[in-house]
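Given next are the chains, with one letter for each unit.
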Amino acid sequence: MTTEQGSGQMVRALSWKGAFWVAAGVPPLVLFSIGGIAGTVGQYAFVVWMLSMIMGFSQSFTYAEMAGMFGNKSGGTSVYGATAWLRYGKLIAPLSVWCNWFAWSPVLSLGCAIAAGYILNALFPIPLAESQQVLDWVAANIGQFTAESEAVVAYMAENAGVSAQDAIAAVASAAGVEALTPWFRTYEAFALTIPGLGTLHFNSTFIIGVVLMLIILMIQERGVAQTANAQKWLAIIVLVPLLLVGLVPIFTGSIDWMNVTNLMPPAASESGDWTLGGWTLFLGGMYIAAWSTYGFETAVCYTRELKDPKRDTFRAIFYSGLLCTIFFFLIPFSFQGYLGQDGMTAAGVVDGTGVGEVLGTMIGGGPVVTQIFVILMIMALFLAIMTAMAGSSRTLYQGSRDGWLPKFLGSVNKHGAPRNAMWTDVAFNVFLLALASDAGGYFYVLAISNVGYILFNFLNLNAGWIHRIDSAHMDRPWKAPTWLIGFNTCLAFVNALFLGAGAKVWGYENALWSGLIFASFIFPVFWYRHYIVDGGKFPKEAYDDLSLPYGELGARKAGIKPYLALGLGAAVVLWSNWFFVLPG
């Protein structure tokens, strides 16, 4: 470890404030799924966000303790927690790291997909049917359409009772919109369907998204200090206006309190009963909210790059958690209070591309203010994407250094940035971007990636008490109260409940199984690295970090308890997946 660039090692260049700014890309994640959760949970959406954030903040104290134990590691809490499982099964430890990576990494593709949508709206807009250019086109071309035209006949068949004149006007208007839509807006080189997975779309969204990814990669190639500095200014520019959006409607009386009181259960019947289907939708909301609200744990991904890891790890995750609490409480509440259920489930809010306009409207701004917020929304997405790339690439890097992932991921460039890991992240997300380049694929990617995130959280929360038993000899610069470690262990099984019940909610009943299959891909990867490349032993530094002799993993002081925890967790997932069913 060094403070000098060009040494071939990561550089200790961050204070806790730098790690805080790198993690400041988490609050904008609320905008990724705020519409989707509202469409699923209904009026209880803001309650879901608050409960999920409380859980995330509580869990972070377990993670803060473990992060302080490993001042020489990078990659975040999945790495620190994975070391607790090594004694109980070599395959379990890399599973935790792998699940954390494939949960966080898709922020790149999902964020770039939304940002590409904003750029397409700004540079290649679809004209409105009532716009003057469309009206002029219709006036010049209306003679091409008659009652016998194929499109007119089809329209009349689909809309019983409509007159031929009205059908001609509607068909001509649609033709005008299509004719005046810029070609690049609907461009698609080709689409590729992969059975059991989905359709890859190589379209205009894909092209713009790839360009954005490469720009962010160039920024991060300069090292963590440069990344933190860029994040700092982006965060200030983005989060201050976003905070105002949450506060202004409350202080100006723009909140309709009926939208946040007298709440009806999800998909409620007229009687408003909490049915099994309603609870399933609620748990589905908790499942997908966790992907955003728990995310500030990325603040401790940079322990190996902190100048004073013993002091700074707790500060970084604690203050990042406070920041996220403010935004995840305030923004969903103000959105729902201002927009109501219909506004929250509008197409532009659900897919993210209309959130910028909503932000401008909420503070009473005109067209200029609204356009400023559209630009700020793109910057917010950049902020989230940079956070995800910085954290997920370091997870790959440390996984390689600890002997769980391929060796080529464990190198850095002259600035101390994990270049090979970052390029691997980008390559993986180019594939995901093709899958997420339409609205259906977007939530499919999100639902599957979150399977990995909940698995990682389950393993890591249990790692807290395993470390207390097996690694009691290790120094803990900050130690969580024992009762909180126990409470967070209970939350691990609550998360397992969310996973079993909630993964099926997002339109893909096999999302749980798809996520579990992807999680299993780590087993052949680890087997090759550990048994073929490394001869069945981990790198020496992995043993040093645990204060163990080379080649020895130490006694299993926890006995069968970790195995019982795994068995109970699996039982909760399987039972909840069977018991909870969607409405209808």
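Residues numbered from 1 in each chain as written. Predicted model: local features only at pLDDT ≥ 70, side-chain atom pairs only at ≥ 80, totals over all residues. Heavy atoms only, no water.

Peer 1: I would appreciate a short explanation of the overall build of the protein chain in the present structure.
Peer 2: Secondary structure assignment for the protein chain yields 23 helices and 2 strands. In summary, the protein chain has a C-alpha radius of gyration of 25 Å against a globular reference of 25 Å for 584 residues, a match within 12%. Along the three orthogonal principal directions, the C-alpha set of the protein chain runs to about 85 × 55 × 50 Å. Buried positions account for 59% of the 584 residues belonging to the protein chain. Surface summary for the protein chain: the accessible area is close to 22,400 Å², and the carbon and sulfur share equals 65%. (Helix = DSSP H or I, 4+ residues; strand = E, 2+ residues; numbered from the N terminus. Rg over C-alpha atoms; globule rule 2.2 N^0.38 Å. Buried < 20%, exposed > 50% of the residue type's maximum accessible area, 1.4 Å probe, protein only. Areas by Shrake-Rupley, 256 points an atom, 1.4 Å probe, with all protein chains shown as cover.)

Peer 1: Honestly, the environment of Tyr 444 in this entry has me stumped. Any pointers?
Peer 2: Relative to the helices and strands, Tyr 444 resides in helix H18 (residues 439-470). According to the relative accessible area criterion, Tyr 444 is buried, its value standing at 8%.

Peer 1: In this structure, what is going on with empty space enclosed by the protein? I would like to understand it.
Peer 2: Over the atoms rolls a probe the size of a water molecule, and its path tells where empty space is left. As enumerated under the stated definition, the model contains 5 cavities of 30 Å³ or more in all. When its volume is computed, the largest cavity comes out at roughly 60 Å³. Leu 31, Val 238, Pro 241, Leu 242, Leu 359, Phe 373, Leu 376, Met 377 and Ala 380 together form the lining of the largest cavity. At the level of secondary structure, the elements contributing two or more residues to the lining of the largest cavity comprise helix H11 (224-251) and helix H16 (367-401). When residues of the lining of the largest cavity are assigned to their parent elements, the largest contribution, 4 residues, is made by H16. Taken together, the residues that form the lining of the largest cavity break down as 9 nonpolar, no polar and no charged. (1 Å grid on protein atoms, 1.4 Å probe; cavity = no way out; pocket = protein on both sides within 12 Å on 5 of 7 lines; lining within 4 Å. Points joined across faces, edges and corners; volume = space filled by probe spheres on them. Nonpolar A, V, L, I, M, F, W, Y, C, P; charged D, E, K, R; others polar.)

Peer 1: What am I meant to see in the environment of Gly 360 here?
Peer 2: Its location among the elements puts Gly 360 in helix H15 (residues 355-362). With 160 residues separating them in the primary sequence, Gly 360 and Leu 200 have C-alpha atoms 33 Å apart. Setting aside anything within four residues of it in sequence, one finds Gly 360 in contact with Gly 365, Thr 370 and Phe 373. (Contact = heavy atoms within 4.5 Å.)

Peer 1: Help me out: how do you make sense of the pattern of salt bridges in this one?
Peer 2: Opposite charge on two side chains permits pairing when their charged atoms draw close. Per the counting criterion, the structure on display carries 8 salt bridges. A salt bridge links Glu 65 to Arg 476; the nearest nitrogen and oxygen atoms lie 3.0 Å apart. Of this pair, Glu 65 sits in helix H3 (residues 45-69) while Arg 476 sits in the loop between H18 and helix H19 (482-502); the two residues are 411 residues apart in sequence, bridging distant segments of the chain. Across the pair Asp 534 and Arg 529 runs a salt bridge, and its minimum N-O distance is 2.8 Å. (Salt bridge = Lys/Arg side-chain N within 4 Å of Asp/Glu carboxyl O.)

Peer 1: How do you make sense of the packing of aromatic side chains when you look at a structure like this?
Peer 2: The description of an aromatic ring pair uses the distance of the two centres, along with the angle that the planes make with each other. This structure, assessed with the given rule, holds 45 aromatic pairs. With a centroid separation of 5.0 Å and 75° between ring planes, the pair formed by Phe 202 and Phe 206 is classed as edge-to-face. Each residue in the set Trp 16, Phe 20, Trp 21, Phe 57, Phe 61, Phe 296, Phe 314, Phe 318, Tyr 319 and Trp 478 is aromatic and connected to the rest through ring pairs, giving one cluster. Residue placement shows Lys 232 over the ring face of Trp 233; its charged tip is 5.4 Å from the ring centre. (Phe/Tyr/Trp six-rings, centres within 6.5 Å; stacked < 30°, edge-to-face > 60°. Lys NZ or Arg CZ within 6 Å of the ring centre and 35° of its normal.)

Peer 1: Looking at this structure, I do not really get the packing of H3 against helix H13 (residues 309-344). What am I missing?
Peer 2: Packed helix pairs are specified by the crossing angle of their axes together with the interaxial distance, meaning the distance between the axes. Where H3 meets H13, the axes come as close as 9 Å, and the angle between the chain directions of the two elements is 175°. Considered as vectors, H3 and H13 are oriented roughly antiparallel to each other. Residues that form the contact of H3 with H13 fall into these classes: 20 nonpolar, 6 polar and no charged. (Axes fitted to C-alpha atoms, helices over the stretch in contact; angles between N-to-C directions. Parallel < 35°, antiparallel > 145°, perpendicular 65-115°, else oblique.)

Peer 1: Help me understand the confidence of the model for the protein chain in this model?
Peer 2: For any part of a model where pLDDT is low, the fine detail of the predicted coordinates should not be relied upon. Here the protein chain averages 86 in pLDDT, and 95% of its residues register 70 or above. Taken as a whole, residues 1-7 scores under 50 in pLDDT and shows 16 contacts with residues more than four places along the chain or in a different chain. (pLDDT = per-residue confidence, 0-100.)

Peer 1: Got a minute to help me understand the nonpolar core in this structure?
Peer 2: The nonpolar side chains of a soluble globular protein tend to be buried with one another. With 185 residues, the main nonpolar core has Phe 32, Ile 37, Tyr 287, Phe 335 and Trp 404 as its most contacted residues. Tallying contributions element by element places H18 first for this core, with 18 residues. Residues contacting Tyr 287, with those up to four places away along its chain left out, are Ala 447, Asn 450, Val 451, Ile 454, Phe 498, Leu 499, Gly 502, Ala 503 and Trp 506. Grouped together as the second largest cluster of nonpolar side chains are 11 residues, Trp 137, Val 152, Ala 167 and Val 177 included. (Core = buried A, V, L, I, M, F, W, Y, C linked by side-chain atoms within 4.5 Å.)

Peer 1: Honestly, helix H4 (residues 77-85) in this entry has me stumped. Any pointers?
Peer 2: Since the α-helix advances by 3.6 residues per turn, residues separated by three or four positions end up pointing in the same direction. Counting buried positions over the 9 residues of H4 gives 9, a clear majority of the element. For H4, the complete set of buried residues consists of Thr 77, Ser 78, Val 79, Tyr 80, Gly 81, Ala 82, Thr 83, Ala 84 and Trp 85.

Peer 1: What am I meant to see in the environment of Val 412 here?
Peer 2: With respect to the element layout, Val 412 can be found in the loop between H16 and helix H17 (419-435). Sequence separation between Val 412 and Met 422 is 10 residues, and the spatial gap between their C-alpha atoms is 9.8 Å.

Peer 1: Hey, could you run me through unusual backbone geometry in this one?
Peer 2: Most of the time, phi is negative for any residue but glycine, and the peptide bond is trans. Even without glycine at this site, Asn 262 takes up a positive phi of about 50°. Relative to the helices and strands, Asn 262 is located in the loop between H11 and helix H12 (276-293).

Peer 1: Explain the side chain of Thr 313 to me, please; I cannot follow it from the model alone.
Peer 2: Residue placement: Thr 313 occurs in helix H13. Judged by relative accessible area, which is 2%, Thr 313 ranks as buried. There is a polar contact of 3.0 Å between the side chain of Thr 313 and the backbone oxygen of Pro 309. The residues contacting Thr 313, other than those within four sequence positions of it, are Ala 67, Gly 68, Val 300, Thr 303 and Leu 306. (Polar contact = N/O pair within 3.5 Å; in protein donor to acceptor, adjacent residues only side chain to side chain.)

Peer 1: Would you mind showing me how to read a nonpolar patch on the surface here?
Peer 2: On the surface, Trp 183, Tyr 187, Ile 207, Val 211 and Ile 215 cluster together into a nonpolar patch covering about 480 Å² of accessible area. Following the sequence through the fold, Ile 207 ends up in helix H10 (residues 204-220). (Patch = residues over 30% accessible without salt bridge, like charges linked within 9 Å, V, L, I, M, F, W, Y side chains within 5 Å.)

Peer 1: What is the right way to read the packing of helix H6 (residues 107-123) against H10 from this model?
Peer 2: Their axes nearest at 8 Å, the elements H6 and H10 cross at an angle of 115°. For the pair H6 and H10, the sense of crossing is right-handed. On H10, the residues touching Leu 108, Ser 109, Cys 112, Ala 113, Ala 115, Ala 116, Ile 119 and Leu 120 of H6 are Ser 204, Thr 205, Ile 208, Gly 209, Leu 212 and Met 213. Grouping the amino acids of the contact of H6 with H10 by side-chain chemistry returns 10 nonpolar, 4 polar and no charged. (Left-handed = near helix turned anticlockwise from the far one by under 90°.)

Peer 1: Quick question: what am I supposed to make of the side chain of Thr 298 here?
Peer 2: Within the secondary structure, Thr 298 is located in the loop between H12 and H13. Accessibility expressed as a relative area gives 1% for Thr 298, which makes it buried. In contact with Thr 298, other than residues within four places in its own chain, are Ala 23, Val 26, Trp 104, Thr 387 and Gly 391.

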